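# Fold and geometry: a report
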Amino acid sequence: QSPESFIVWRTSGYYDGDVESHVIKEMNRQALEFIHDWNSKRRRQIKGSRSNFLCMDFGAAVEHISHGRKRLRGDMQAHYGLEVRILQVQMLTNLLYEHGYVS
């Protein structure tokens, strides 16, 4: 793996009207746990290495605005509106800044 490369994983948002949203929440939790464990293992193997497998927990950020009348709707039921798209860009920018990929 190249030290110049990095991966950003975005956890999943929620489909409006999905009665099985607990499945998405659990998949997001497992992804977060896997990425945390992977980065911990890498830091133990390579002292002083910075995380190059980042996770943006989008699912947690939008869960409260994902269902029913609270949902920020987009052009179709599965899509969020503009506000949430802007939130994704802001979250990504913050994540990259926090990990030293942008200044």
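Relevant structure appears above.
A brief look at the structure comes next. (Residues numbered from 1 in each chain as written. Predicted model: local features only at pLDDT ≥ 70, side-chain atom pairs only at ≥ 80, totals over all residues. Heavy atoms only, no water.)

## Comments concerning the packing of aromatic side chains
Put simply, the rule is: Pairs were defined over the aromatic rings of Phe, Tyr and Trp, the Trp ring being its six-membered one, requiring ring centres within 6.5 Å. Orientation was assigned from the angle between planes: stacked under 30 degrees, edge-to-face over 60, tilted for the rest. Runs of E in the DSSP output that reach at least two residues are strands. Runs of H or I that reach at least four are helices, and both are numbered from the N terminus. Only protein chains enter the accessibility calculation, which uses a 1.4 Å probe; a residue is then buried when its area is under 20% of its type maximum, exposed when over 50%, and partly exposed in between.
Enumeration according to the criterion identifies four aromatic pairs in this entry. With 5.8 Å between their ring centres and 90° between their planes, F58 and Y80 make a pair best called edge-to-face. Placement of the pair is F58 in helix α2 (residues 58–62) and Y80 in the loop between α2 and α3 (82–98), with a sequence separation of 22 residues. Comparing F58 with Y80 shows no difference in burial state: the two are buried.

## Section: α3
Which entries qualify depends on this criterion: In this scheme, a helix's expected span is set at 1.5 Å multiplied by one less than its residue total. Note: the arc covers the axis-to-C-beta directions of the helix. By definition in these notes, contact holds between two residues if any of their heavy atoms fall within 4.5 Å.
In this model, α3 (17 residues) spans 24 Å end to end at C-alpha, consistent with the 24 Å of a helix rising 1.5 Å per residue. Restricting attention to buried positions, one finds in α3 the residues V84, Q88, M91, L95 and L96. For α3, the buried positions fall inside an angular range of 125° around the axis, keeping them on one side. In α3, the exposed residues that point more than 90 degrees away from the buried face are L82, E83, V89 and Y97. Along its buried surface, α3 packs onto β1 (7–10), β2 (53–56) and α2.

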